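Descriptive structure summary
What follows is the residue order along each chain.
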Amino acid sequence: MQRHVTRRALIGRGVCLTASLAGIFKAFDVFGQAAPMLMNYQGRLTDVSGNPITNLSPGVPMSFRILDAANNPTWTEAYPGVPVDKGQFSVQLGSVNPLSPAVFNDSVRYLEVTINGETLSPNLRITSAAYVIMATSGPTGPTGIAGFLGPTGATGPTGATGSTGPTGATGVSGATGATGPTGASPIFSTR
């Protein structure tokens, strides 16, 4: 059985919404990865007695807008059915309509939340975490000093003997040697 949720139940004593804007960081240069352009938003829906609203299947339509100080929207996103479990819900703003640094190019921004066609009041002020989306990286620092040279490791085992290589080319002939001494003359007899 689905309970009827009135504006008074959502806005009055029974609504407790918390915004978790953690997790939005500019690129972590040390890791060489860009941070996702997402903002986590979580909330808790309760009835007028403070009991969590349950059995909201298949989900509750919700929409979100980021407004400037004059209430002009700088970004909008809508979800046709956000699952609610024991009163808890969570969405990742920017997963349907991407966030961009231009959304946060001024110091005052508010989040407007609409649940099941009813706009909640007051709007939530967006503070520092979301502004990291437009932050730039600082300059690279100087290279640190080299660390100490560690001890030499143990010598590894001797490898197997390799195969014999091919026979080399024949070398150049040497110079002719000196003439040797004349040998003894043969003795002839005549008779």
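Cut-offs and rules
- Residues numbered from 1 in each chain as written.
- Predicted model: local features only at pLDDT ≥ 70, side-chain atom pairs only at ≥ 80, totals over all residues.
- Heavy atoms only, no water.
- Helix = DSSP H or I, 4+ residues; strand = E, 2+ residues; numbered from the N terminus.
- Buried < 20%, exposed > 50% of the residue type's maximum accessible area, 1.4 Å probe, protein only.
- Contact = heavy atoms within 4.5 Å.
- pLDDT = per-residue confidence, 0-100.
- Phe/Tyr/Trp six-rings, centres within 6.5 Å; stacked < 30°, edge-to-face > 60°.
- Core = buried A, V, L, I, M, F, W, Y, C linked by side-chain atoms within 4.5 Å.
- Pairing = 2+ DSSP bridges.
- Salt bridge = Lys/Arg side-chain N within 4 Å of Asp/Glu carboxyl O.
- Lys, Arg positive; Asp, Glu negative; His and termini not counted.
- Polar contact = N/O pair within 3.5 Å; in protein donor to acceptor, adjacent residues only side chain to side chain.

Brief notes about the overall build of the chain
Along the chain, the regular secondary structure elements total two helices and eight strands. Going residue by residue from the N terminus, the α and β elements of the chain occur as α-β-β-β-β-β-β-β-β-α. Expressed as a percentage of its 191 residues, the buried residues of the chain come to 26%. Taking contacts inside the chain between residues at least 6 apart in sequence as the whole, the part at least 24 apart equals 59%.

Some points on unusual backbone geometry
Each neighbour pair has its own omega, and for serine 121 with proline 122 the value is 0°, a cis peptide bond. With phi around 55°, lysine 86 is a residue other than glycine that occupies positive phi space. Its place among the elements puts lysine 86 in the loop between strand E4 (73–84) and strand E5 (88–93). Looking at lysine 86, the relative accessible area reads 61%, which means it is exposed.

So, the confidence of the model for the chain
Averaged over every residue, the pLDDT of the chain is 78; residues scoring 70 or more account for 72%. For residues 5–32, every residue scores under 50 in pLDDT, and the model assigns this stretch 64 contacts once sequence neighbours within four places are set aside.

Topic: the packing of aromatic side chains
Tallying each qualifying case throughout the model produces three aromatic pairs. Consider the rings of tyrosine 41 and phenylalanine 89, whose centres lie 6.1 Å apart with planes at 40°: the pair is tilted. Separated by 48 residues along the polypeptide, tyrosine 41 in strand E2 (residues 39–45) and phenylalanine 89 in strand E5 bring together distant segments of the chain. Phenylalanine 89 sits in the buried class, given a relative accessible area of 4%. Aromatic side chains phenylalanine 64 and tyrosine 79 sit 5.9 Å apart centroid to centroid with 80° between the ring planes, which places their arrangement in the edge-to-face category. Here tyrosine 79 lies in strand E4 and phenylalanine 64 lies in strand E3 (residues 56–67), a separation of 15 residues in the sequence. A network of ring pairs unites the aromatic residues Tyr41, Phe64, Tyr79 and Phe89 as a single cluster.

Overview of the nonpolar core
Core analysis: the biggest nonpolar cluster contains 24 residues, and Met62, Phe64, Ile66 and Leu93 have the highest contact counts within it. Of all the secondary-structure elements, those providing two or more residues to this core are E2, E3, E4, E5 and strand E6 (110–115). If you tally residues by element for this core, the top one is E3, at five residues.

Concerning the pairing of E2
For a regular strand, side-chain orientation follows a simple rule: the groups alternate between the two sheet faces. Judged by how many residues are buried, E2 sits mostly within the fold: five of seven residues are covered. Note: E2 against E5, six bridges, orientation antiparallel. What sits directly across from glutamine 42, in E5, is serine 90.

Re the pattern of salt bridges
When the charged atoms of two side chains with opposite charge come close together, those side chains can pair. What the rule picks out here adds up to two salt bridges. Note that arginine 65 and glutamate 112 form a salt bridge whose closest N and O atoms lie 2.7 Å from each other. Highlighted residues: arginine 65 in strand E3 and glutamate 112 in strand E6, separated in sequence by 47 residues. In this structure arginine 65 comes out as partly exposed when scored by relative accessible area, which is 28%. Across the pair aspartate 106 and arginine 109 runs a salt bridge whose closest N-O atoms are separated by 3.9 Å. Aspartate 106 gets classed as partly exposed once you look at its relative accessible area, which sits at 40%.

Quick look at the side chain of aspartate 68
Assignment of secondary structure puts aspartate 68 in the loop between E3 and E4. Despite being buried, aspartate 68 has no salt bridge partner; arginine 109 is the closest side chain of opposite charge, sitting 5.0 Å away. A polar contact of 3.0 Å, which involves the side chain of aspartate 68, links it to the backbone nitrogen of alanine 70. In contact with aspartate 68, not counting residues within four places along its chain, are Thr74, Val108, Arg109 and Tyr110.

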